[in-house]
Amino acid sequence: MEKPATIIGPQSPQALTWTISVANLTVVDKVPPEMLHLVDTYWYQFPPLETKWHAALATTIGVLALIAIVGNGCVILIFSSTKGLRTPSNLMVINLAFADFMMMFTMAPPLIINSYHETWVFGPLMCEVYGMFGSLSGCVSIWSMTMIAFDRYNVIVKGLSAKPLTYVGSVMRILFVWVNSLVWTLAPMFGWNRYVPEGNMSACGTDYLSKDWLSVSYIYAYSVFVYWLPLTLIIYCYSYILKAVSAHERNMREQAKKMNVESLRSSDASKQSAEIKLAKVALVTITLWFMAWTPYLVINYAGIFDSSPISPLQTIWGSVFAKANAVYNPIVYGISHPKYRAALYKRFPSLALRKDNSTDQTSVASCATAADQCET
């Protein structure tokens, strides 16, 4: 008696298996078997990313890494080797540059290699290490910027009543930044959340898709202490700095009016007042910080709140925006510093394409009422 033929209907298990294995390729298909336990089932619904997106990611990260490594390397070299720049305040600028240098030096090469293979190829352990180093360098960068803002607040707002920052004080702040960052970034390696492949499968980061309490509570706590708190402190510091500088400028104008002179400044080449210049510095600092870290926060919140679908392509650009911060910082905290530019031109004369006549004015934007005391 012949065995009846198996009819594969639209709802049969055989049809489902055939559809998944043949018709619906997913972004997870190229992931090595030893990595599959780290991949959330959420990503199985997405088709593979086109090769052009992997190429675009590798190219973008490669360019950003080159600029960031050169830029932050110059900041570290110039600030460390120039006697006039080796101040307690500038130790925190060096620490910021080192964190950004470390971010691109450790993150870019693996990401470029994985983009070529279109999946993570270094195994589960390196995925955890990669995620930890990325989180660590980002956290150190964020808190270093916060400490720099607090130092400027201390010098400009408190003025002569402020306790001068010493080398010991600066080192203690840097130590706090690193210990605090290590606590938050090592936690996922010991069970509070975990590091898993991102949606593009070529990078690793925190797990924002698991709904267990350990995973969700970590995202909550991490976002508060590594995003909202630093952002609040930075806005607070620069708000009071602007208020102090505005009051100082107003007093200067009133005093000049009483003396029947146009300005008390020895040089008034710039038409802009000090508070306008400083407002621009503060606005640029806060805006770039917000642009760099907010997309990644939104992705994390979308994952734990199920507020909107997350695609593998979105995870690419969230990561790119965060890493781009390593490019902004040498410009905001290094090149905008008059003494740094002078030392840089002295070390590399070919960069001095024109005489820098804006040193005095830029120093006002940097430190306003206490230009000689504030070096950052």
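Residues numbered from 1 in each chain as written. Predicted model: local features only at pLDDT ≥ 70, side-chain atom pairs only at ≥ 80, totals over all residues. Heavy atoms only, no water.

Taking an unreviewed UniProt entry as the reference, the protein is identified by name as G-protein coupled receptors family 1 profile domain-containing protein belonging to Anopheles minimus. Quoted verbatim from the Sequence similarities (unreviewed entry) field of the UniProt record, the comment on the protein reads "Belongs to the G-protein coupled receptor 1 family. Opsin subfamily." (UniProt positions renumbered as here; feature names shortened; annotations may be inferred.)

Within the protein, the secondary structure is distributed over 10 helices and 2 strands. In the protein, the succession of helices and strands from N to C terminus is α-α-α-α-α-β-β-α-α-α-α-α. Of the accessible surface of the protein, which amounts to about 19200 Å², a share of 68% is contributed by carbon and sulfur atoms. (Helix = DSSP H or I, 4+ residues; strand = E, 2+ residues; numbered from the N terminus. Areas by Shrake-Rupley, 256 points an atom, 1.4 Å probe, with all protein chains shown as cover.)

If you check UniProt for "transmembrane region" (unreviewed entry), the listed places come out as residues 53–79, 91–112, 132–150, 171–192, 219–242 and 281–304 in our numbering. Secondary structure over residues 171–192 splits into 73% helix and 0% strand, and the C-alpha atoms at its two ends are 29 Å apart. As a span, residues 219–242 carries 100% helix and 0% strand, and end to end its C-alpha atoms are 33 Å apart.

When the terminal C-alpha atoms of helix α8 (residues 312–335) are compared, their 36 Å separation across 24 residues agrees well with the 34 Å that a helix rising 1.5 Å per residue should span. In α8, a bend of some 35 degrees at Tyr 328 exceeds every other bend along the element, and Pro 330, a proline, comes one to four places later. The element α8 is largely enclosed, with a buried count of 18 among its 24 residues. (Expected span 1.5 Å × (residues − 1). Bend = angle between axes of the 7 residues up to and from the residue. Buried < 20%, exposed > 50% of the residue type's maximum accessible area, 1.4 Å probe, protein only.)

One can find Asn 329 in helix α8. Looking at Asn 329, the relative accessible area reads 5%, which means it is buried. At a separation of 2.7 Å, a polar atom in the side chain of Asn 329 contacts the side chain of Asp 100. What Asn 329 contacts, discounting residues up to four positions off in sequence, is Leu 96, Asp 100, Ser 141, Met 145 and Gly 334. (Polar contact = N/O pair within 3.5 Å; in protein donor to acceptor, adjacent residues only side chain to side chain. Contact = heavy atoms within 4.5 Å.)

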